[in-house]
Structure formats: structure tokens, C-alpha cells
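Here is how the chains run, residue by residue.
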Amino acid sequence: MRSKPESWPASLRDFEEQKTTLSIMGNEKGQILSLNLETAYVINDMRVQFFSQIYTENYDEELICGVRDPAGAEYEESYYTTNSNKQCHIINTPARESDYLCLDGYIVDGYILYDLHIAYKERDSAQAMELMHQWADLLSND
């Protein structure tokens, strides 16, 4: 487990990684097109996944962001502007049969697409949105 910097808010330092996966995508010429780093966390009853998608100069496809929602295509979107003026696109999906709602936040920085995915119960809605804002602010300070 990696230690978290003291500069991180306590709510982002107090949980542990459950699983981390690194995926590398390439083409038939052996060139690396993109790397995806996915880390899963658990905070109380909330399941949190952080994705970093890094694109190389060899990537020439269109970038497509989406929400993982097998139950349907209903969603609400909003934007959060960080203190350093980065834009975080937030997509909120309604509760599923499991009673979990989902919140996805996207930030683009150069060749990197960051995505935070949070699955949470309705009672944790305020905490989930606060975590999203803290995450966006944390990324914009790097």
C-alpha cells in the first residue's frame, strides 16, 4: 500500500486500496497507445474506483467518456470548477436495484483523462459529492 501525502484531506487519506490494475493498450506495430490505471477503494458503505487513462502520441482515435450503467441511460450532469480553474464534469446516475447510486467525475489534463467512480447509498449522497470535490481539488493542485 502506498502512503498518502499529508497534504491530502483526511477523508481521502483514511481509506486503503483494495485492488490496483494496470492495463496497457497497443497496436500491431508494438506501439503503446494508452495506459489505464484503476484503483479500487472502500469508504464505509461507498465503493470508489479511480481511473487514470494516459494517452501517448501514438493514439489517434477519438476520446469517448461514458458512464458504466447497465440498467439504463438516465443521468444528470453538472460541473465543478476547482480553485485552480480546472473543470470537473460530474455525471450522476439514479439508484439501481441494489439501491446504489453512481457518481462519475471526469477531468482532462493534457494527455491524461482522470475518472473517479463512486457507488453509494442515498444516505451518503452529501459525502459522495464532497469526496468528488476533494478529489477534483486534489488533482488540480498537482
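Every value quoted in this text rests on a predicted model; they were computed, and no experiment measured them.

Colleague: Provide a residue-level description of the overall build of the protein chain, including the pertinent values.
Modeller: Helix and strand content of the protein chain: two helices and seven strands. If you list the helices and strands of the protein chain from N to C, you get α-β-β-β-β-β-β-β-α. Within the protein chain, buried positions represent 38% of all 142 residues. Contacts spanning at least 24 positions in sequence make up 40% of the contacts within the protein chain whose residues lie at least 6 apart. For the protein chain, the accessible area works out to roughly 8,900 Å², and carbon and sulfur atoms hold 49% of it.

Colleague: I'd like a rundown of the nonpolar core, residues and numbers included.
Modeller: One finds C88, I118, M132 and W135 to be the most contacted residues of the largest nonpolar core, which totals 21 residues. Those elements giving two or more residues to this core turn out to be β2 (32-43), β3 (46-55), β5 (87-93), β6 (100-109), β7 (112-121) and α2 (125-141). Ranked by residues supplied to this core, first place goes to α2 with six residues. Aside from chain neighbours lying at most four places away, what touches I118 is M46, R47, V48, L101, C102, L103, A128, L131 and M132.

Colleague: I'd like to hear about the packing of aromatic side chains, residue by residue, with values.
Modeller: Evaluated as defined, the whole model comprises three aromatic pairs. With a centroid separation of 6.1 Å and 15° between ring planes, the pair formed by F50 and Y114 is classed as stacked. Taken together, the residues span a long stretch of sequence, with F50 in strand β3 and Y114 in strand β7 at a distance of 64 residues. Geometrically, the ring pair formed by F50 and W135 is edge-to-face, given 6.0 Å between the ring centres and 70° between the ring planes. Here W135 lies in helix α2 and F50 lies in strand β3, a separation of 85 residues in the sequence. The burial state of F50 is the same as that of W135; both residues are buried. Connected via pairs of aromatic rings, a cluster forms that spans F50, Y114 and W135. A cation over a ring is seen here: R47 above Y100, with NZ or CZ 4.2 Å from the ring centre.

About the thresholds
- Residues numbered from 1 in each chain as written.
- Predicted model: local features only at pLDDT ≥ 70, side-chain atom pairs only at ≥ 80, totals over all residues.
- Heavy atoms only, no water.
- Helix = DSSP H or I, 4+ residues; strand = E, 2+ residues; numbered from the N terminus.
- Buried < 20%, exposed > 50% of the residue type's maximum accessible area, 1.4 Å probe, protein only.
- Contact = heavy atoms within 4.5 Å.
- Areas by Shrake-Rupley, 256 points an atom, 1.4 Å probe, with all protein chains shown as cover.
- Core = buried A, V, L, I, M, F, W, Y, C linked by side-chain atoms within 4.5 Å.
- Phe/Tyr/Trp six-rings, centres within 6.5 Å; stacked < 30°, edge-to-face > 60°.
- Lys NZ or Arg CZ within 6 Å of the ring centre and 35° of its normal.

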